[in-house]
Every structure is written in structure tokens, then in C-alpha cells.
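# Survey of secondary and tertiary structure
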Amino acid sequence: MAATYDAIVVGGGHNGLVAAAYLARSGARTVVLEGRHKTGGAATTEAPWPDAPEFSVTRLSYVMSLMPPTIINELDLPRHGYRIYPMGPYYQAFPEGGSIKLYADDAKRNHDEVSRWSKKDADAMPKWDAWLEGLAEVLGPLLLTVPPAIGSRKPRDLAETLRLAWRHRGLDVRTIADVTRLMTMSIADLLDDWFESSQVKGALAVNGVIGTWAGPYEPGTAYVMAHHSIGDVGDGHLGNWGFQEGGMGAVSTAIERAARSHGAEIRTGARVARVLVDGGRVTGVVLDNGDEIRAKVVVSTLHPKTAFLEHVGKENLPEDFATDIEHWKSRSGVVKINLALGELPDFTADPGSNLQEHHTGSVEMAPTMEYIERAFQDAREGRPAARPFSDGVIPTAFDKTLSPEGTHIMSLFTQWVPADWNEEPHTAELEAYADRMIDCYNELAPNFKASILHRDIVGPYEMEHDYGLIGGNIFHGELSLEQLFHMRPAPGYADYRTPVDGLYYGSSATHAGGGVCGIPGWQAARAAIADKKAARRTGQVRRIIRRS
Ligand SMILES: Cc1cc2nc3c(=O)[nH]c(=O)nc-3n(C[C@H](O)[C@H](O)[C@H](O)COP(=O)(O)OP(=O)(O)OC[C@H]3O[C@@H](n4cnc5c(N)ncnc54)[C@H](O)[C@@H]3O)c2cc1C
């Protein structure tokens, strides 16, 4: 006999866990099926060195920012261990000497810092911050909006499109122009309009290329920067970037505990092989060991190619939808390098290996726009970057749970290697790439190389084969313009529903996804719960009509 539940969630990444928590909270008997030996997906804390189990790293994602207060509060996550240390400033030391620090919320110190490089840029900074804030006020609430099926003539879709237009009736010509610029420009061109010094432009370009298969001169990268800079999604201010105590896996654990507290069952080592569809309706799933599990509701949180092409099958999907998913872009070229350090980097520009403010935020390797662009062009031409770009962080500046007293963990989010490195492990080349990355930091902090106790390198192949991140893309799909909002994951299906009745979709490849924000999982669960209520109401009306 197949086991039966009200709802099955495929994938125990943070979105799957959020979906399960909300479904269970609504009263549905819910099971999460996670293929790996543990939950969390890309939000995971692991001990990668068997001979040094006292060190833990956030192996893939490394900082929090976009999770909305609604989810944190409704799931009571702080009670389940969600605890964020706000990050310190952005920091870049320069090969030619000197450094820059940029603060998330200290205009006076930003002015002093930027003045060291350009007085004109220092004066432009407050206007830039105000400009971004204005745009974030427009874009932020859109993150919690279910995208309408733009172009559809169905009355419900038309009503949703009109409602969205009505909500934005207050926008003026200037704001629309600014949003258009943001959506279409490259981060390099945008910053050229505002600033003159290469140091400031390099610093502000970082968020435009994080996780993106695009250099800073590619159109659309201005939007990627904004996506990472949004402060308020309409239900309260988001935290600034911060470190979860215990690493990103502790975020997943907190959500898992919330889901269990509402009665959800969580199974690891339960890899789904197929989603069962009968007459256009979902009926359950089959695991790779042949076990069948039945449910009228299935929420998948896997990469779209796995969720739809592999699990549902083209034969059960409309042709245009299947083609859209086949064309879904998931390149990235990201390599994560996790290090255990015997001491903190001692930067020539800001000497000392004692804990200082510049160790507490992001410790970057993005000295200029040209440096970042060169790293991308190397990869585009088929070679790993000779001098990679890196967004580094040292969570142990705050979090003492990850490594023994006196030691540190440093996480380097680096780019780029060629987009097809998901197809082969490229182990030796990744080692050489990591050596070069470390050499770049060593030029700025000469104690760096010698301070490394252990290193762990996760390339695109491992991301795809061990974590299910097809192509190695960190967001289950690029945040490029043609894959945003009503196009994510496919036109006509951006409302977390799918062409199969009862099958919902809530991975990072849906709107608002990209990042550990939980919004896709939350929206997919809400869609399933709303449809169930609507079906119940329709059933009641039918029964009344039959009786009368
Ligand atoms: C290197 C890296 C750095 C990142 N840095 C950040 C960051 O600092 N901040 C941030 O906000 N975001 C970051 N991200 C992005 C963020 O981590 C992801 O967008 C997010 O974690 C995806 O969550 P998800 O639940 O949608 O999918 P996933 O986390 O991918 O979860 C999907 C789950 O499904 C499981 N699975 C796969 N196939 C099957 C199957 N057949 N059956 C059952 N289970 C299956 C997987 O094992 C996985 O647990 C980063 C990602 C990467 C890779």
C-alpha cells in the first residue's frame, strides 16, 4: 500500500521547508522528501574536513538578507534558533595601497571614506543612496507580489494585471524612467553616470555580478545590484546583510523545527524519481527505490529542469511550457572556497591580525570594474579567471560556534570559471584556481596564505551533482531580465501553479527567488491552500444547488 498524505513537498531546501511549515500549519498532513542525507539544500552548514571536525563552514550560501519579517514572525523562527549578527562594512584593500570601507547605514563615515578617493564621489554618495532607496520602495513590494499572467485575457488574470497597474498609479515619469534604466543598463554604465573613481565604482559593482553569468558591462546587471540592495518588501524592513549563528544551515534547521512543530514529517535520503500524473492531475510521487507516496497536492522546490522535464515529463506538459523550461538559463561559473584560518588576514593597508572592523563585513577582491570584467572575460573565453573576483566574509568575527577559539572560517564566493564546468569535476584546475585566488588576497594581506589550515573548494560540478543546482547556478536560474517576474519560471506560470493540477512550484526559480528568502516556498504553499479553500467552497455551492 502506498503511503498517503495531504501534501508532499519535493526537496528539503529552505524553500521546501517553508512550504511544508505553512502547509502543515494549515492542517495538511505534510511530508518533505529530501534526496540528500540532510535538509537545507544550498543553505547548509557542514564540516568538510574529516580530520578537523571542529571546523564548520556554510558551504554554499553565506549571508542572510531577504527573508521577510512575515515569514520570520509567522513561523516564530527566532524561537527555533534563527539569530542574525549584522555584518560590518564592505571592505576592499587596494594593490596600489590604501583601502575603502562602505557602511550600510552610516552616511557620515561613508563620506569620509569615499573622500579619500574622490571628493566629488563622496558628495554624490547620499544622492545615490536616496536614489536607490526610492527605487527599492517600488521594487521591494513587488517581491511579495504574485506576478500576473501578463497578456492573458482570462478575467481573473486581467483583473490581477489591472490591480498591479492600479497599485503603481502614483509613479511619475521620472520614477518610471529610473526603473527602466535600472532594468536595462549595465552596472558599469549606471555607476559611470554617478561616480568617477575606479575604487568606488569597483566597490559598488560587486552586487551587480554576484551569482551572475555576466560581467559588469552586461545590460541587466544594474537590476541584479538592486535585487541585492532592496531593504523593504512592503511588510517591514528587511535586516541588513547578516550572519546566522551556526551558519546558513542553522536557518534551515530553524525552519525545519518550525515545520515539525506544526506536524510536518521530514524524510532525508528520500530521492524523488518521478511525479505521478493522472489525467492532468498530480497523484503523488515515486522515490528512486520504487516506493510510491500519494497526495493530492505536491509542491516541488527543485531546479525547473528536474522538477518538470525529469519528474513530470514532457508528455504531461503543454509543448510551449516544456520548451520554455528547456530554454531556461542556469549558467553561473561560481566557485565557493571555504577556508579554516589560524589567524585573521593582516592587511598592509590596515595592519594587524587582531579582530578589527574591516574583518567583520565583506572582505572583497574587486578592486576595479576592469578587474571584475577581466575575470568574466577569461571565463567567457573558456578559461578560469586568472585573477578571480571574490566576495569574502569571515563569519567567525561574530559567530564562535563554527571554529575553535583563536581560529577563523573565511568563506570566498568567487567567480568565474567557464559556464560548462558543471559537466566535469575539473578538480586539478579548481585547485590551481583556488591557489590564484589565495595569491590575490596574499598580495594585500601577506600573512594570508600561511594562515590557511584547511581548504574546501566547491565548483559547479559538485553544486550540480551533489546539491541539484543544475549548471551550478546559485539561484536555480539566472536573474536575467527575460527570467524575472512574470517570466519566472515561464510566462503564464509565475503564480506558483503549474500546468498540472495540484502540482505547485516554489523553488528559487520562481519570482522573488534568488536567495535564502523563503518567499517562493511561502507563495507556493499559499497558492495550494487558497486553491483547496476555493475547491471546498465550489463543492459546497454544488451540494447546495443539488439539494435545491
Ligand atoms: C555558492 C552559493 C552561494 C550563495 N550565497 C547566497 C547568500 O549568501 N545569500 C543568499 O540569500 N543566497 C545565496 N545563495 C542562493 C541560495 O542559497 C539559494 O537561492 C537557495 O538556497 C535555494 O533554495 P531552494 O530551497 O529554492 O533550493 P535548494 O536549496 O537547491 O533546495 C532544493 C533541495 O532539493 C533536494 N533535491 C534535489 N533533487 C532531489 C530529488 N530528486 N528528490 C528529493 N530532493 C531533491 C536538494 O538536495 C536540495 O536540498 C547561494 C547559493 C550558492 C550555491
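Above this text you will find the structure in question.
Presented here is an overview of the structure given in this document. (Residues numbered from 1 in each chain as written. Predicted model: local features only at pLDDT ≥ 70, side-chain atom pairs only at ≥ 80, totals over all residues. Heavy atoms only, no water.)

## Let's talk about the overall build of the protein chain
Selection rule: Numbering goes from the N terminus for both helices and strands, where a helix is a DSSP run of H or I of at least four residues and a strand is a run of E of at least two. Only C-alpha atoms enter the radius of gyration; for comparison, a globular chain is expected to reach 2.2 Å times N to the power 0.38, where N is the number of residues. Residues are treated as being in contact if the distance between any of their heavy atoms lies within 4.5 Å. Method for areas: the Shrake-Rupley scheme with a 1.4 Å probe, in which residue coverage is limited to the protein chains shown.
Scanning the protein chain for helices and strands turns up 17 helices and 20 strands. In summary, the protein chain has a C-alpha radius of gyration of 23 Å against a globular reference of 24 Å for 548 residues, a match within 12%. For the C-alpha atoms alone, the extent of the protein chain along its principal axes is close to 85 × 60 × 45 Å. For the protein chain, long-range pairs separated by at least 24 residues make up 72% of all intrachain contacts whose partners lie at least 6 apart in sequence. Accessible surface, the protein chain: about 22000 Å² in total, of which carbon and sulfur atoms supply 52%.

## Notes on the site of the ligand
Rules: Think of it this way: one heavy atom of a residue within 4 Å of a molecule or strand is enough to make that residue near it. Polar contact is the term for a pair of N or O atoms within 3.5 Å; when the atoms are in protein, one must be able to donate a hydrogen and the other to accept it, and sequence-neighboring residues count only if both atoms are side-chain atoms.
Taken together, 33 residues are adjacent to the ligand, and Asn 15, Glu 34, Val 63, His 476 and Val 516 come closest. Residue His 476 places a side-chain N or O atom 2.8 Å away from an oxygen atom belonging to the ligand. In this structure, an oxygen atom belonging to the ligand sits 3.0 Å away from a side-chain N or O atom of Ser 508. In isolation the ligand has 1000 Å² of accessible area, and contact with the protein removes 96% of it. When residues of the shell around the ligand are traced back to their parent elements, those giving at least two are helix 1 (14-25) and helix 16 (460-467).

## Side note on the packing of aromatic side chains
The cut-off we apply is this: Any two of the Phe, Tyr and Trp rings considered here, Trp counted by its six-membered ring, make a pair once their centres fall within 6.5 Å; the pair's planes then place it as stacked at under 30 degrees, edge-to-face at over 60, or tilted in between. For the exposure calls, accessible area comes from a 1.4 Å probe over protein chains only, and a residue counts as buried if that area is under 20% of its type's maximum, exposed if over 50%, partly exposed in between. Note on geometry: a ring has a charge over it if NZ (lysine) or CZ (arginine) is within 6 Å of the ring centre and within 35 degrees of the ring normal.
Tallied over the full model, the rule gives 17 aromatic pairs. Judged by centre distance (5.1 Å) and plane angle (75°), the ring pair of Tyr 91 and Phe 347 falls under edge-to-face. One end of the pair, Tyr 91, is in strand 7 (residues 90-93); the other, Phe 347, is in the loop between strand 15 (334-341) and strand 16 (362-365), with 256 residues separating them in the sequence. Just as Tyr 91 is buried, Phe 347 falls in that class too. Ring geometry for Trp 128 against Phe 195: centres 5.6 Å apart, planes inclined by 75°, an arrangement best described as edge-to-face. Residue Trp 128 is found in helix 4 (residues 119-143), and its partner Phe 195 is found in the loop between helix 7 (187-194) and helix 8 (198-209); the two are separated by 67 residues along the sequence. Each of the two residues, Trp 128 as well as Phe 195, counts as buried. Taken together through their ring pairs, the aromatic side chains of Trp 128, Trp 131, Trp 194 and Phe 195 make up a single cluster. Directly above the aromatic system of Trp 522 lies the positively charged group of Arg 526, at a separation of 4.2 Å from the ring centroid.

## So, the pattern of salt bridges
To keep things clear, this is the line we draw: The working definition used for a salt bridge is a side-chain nitrogen of Lys or Arg within 4 Å of a carboxyl oxygen of Asp or Glu.
Applying the stated criterion across every chain, the model contains 30 salt bridges. Across the salt bridge formed by Arg 374 and Glu 381, the nearest N and O atoms sit 3.6 Å from each other. Classification of Arg 374 by relative accessible area gives partly exposed; the value is 41%. The exposure class of Glu 381 is partly exposed, given its relative accessible area of 48%. For Glu 431, the salt bridge is made with Arg 455, and the minimal N-O distance between the two is 2.6 Å. Of this pair, Glu 431 sits in helix 14 (residues 427-444) while Arg 455 sits in strand 19 (residues 452-458); the two residues are 24 residues apart in sequence, bridging distant segments of the chain. Under the relative-accessibility criterion, Glu 431 is labelled partly exposed at 34%. With relative accessibility at 26%, the residue Arg 455 sits in the partly exposed group. A cluster of three or more residues bridged by salt bridges with shared partners is formed by Arg 374, Asp 378, Glu 381 and Arg 383.

## Things to note about the pairing of strand 17 (residues 389-393)
To keep it simple, the criterion reads: If DSSP finds at least two bridges between two strands, the strands pair.
Among the five residues of strand 17, five are classified as buried, and the element is accordingly described as predominantly covered. In strand 17, alternate side chains face the same way, and those of Phe 389, Asp 391 and Val 393 on one face and Ser 390 and Gly 392 on the other are all buried. One ladder, built from four bridges, connects strand 16 with strand 17; its direction is antiparallel. From the neighbouring strand, Met 365 faces strand 17, where its bridge partner is Ser 390. Of the pairings in the sheet, the one linking strand 17 to strand 18 (residues 408-415) comprises five bridges and is antiparallel in character. Bridge pairing links Val 393 to Ser 411 in strand 18.

## Some details on the packing of helix 1 against helix 17 (residues 519-547)
In plain terms, the rule: In this analysis an axis means a line fitted to C-alpha atoms, helices contributing only their contacting stretch, and an angle means the value between N-to-C directions, from 0 to 180 degrees. Two helices cross in a left-handed way if the nearer one is turned anticlockwise from the farther one by less than a right angle. They cross in a right-handed way if the turn is clockwise. Under the scheme applied, nonpolar residues are Ala, Val, Leu, Ile, Met, Phe, Trp, Tyr, Cys and Pro; charged residues are Asp, Glu, Lys and Arg; polar residues are all the others, including Gly.
Orientation of helix 1 relative to helix 17, taken along the N-to-C sense of each, is 35°, at an axis distance of 7 Å. Here the hand of the crossing between helix 1 and helix 17 comes out right-handed. Residues Asn 15, Val 18, Ala 19, Tyr 22 and Leu 23 of helix 1 form the contact with helix 17, whose own contacting residues are Ile 519, Pro 520, Gly 521, Trp 522, Ala 525, Ala 528 and Ile 529. A class-by-class count of the residues in the contact of helix 1 with helix 17 yields ten nonpolar, two polar and no charged.

Purely spatial values, then, with no claim about function.
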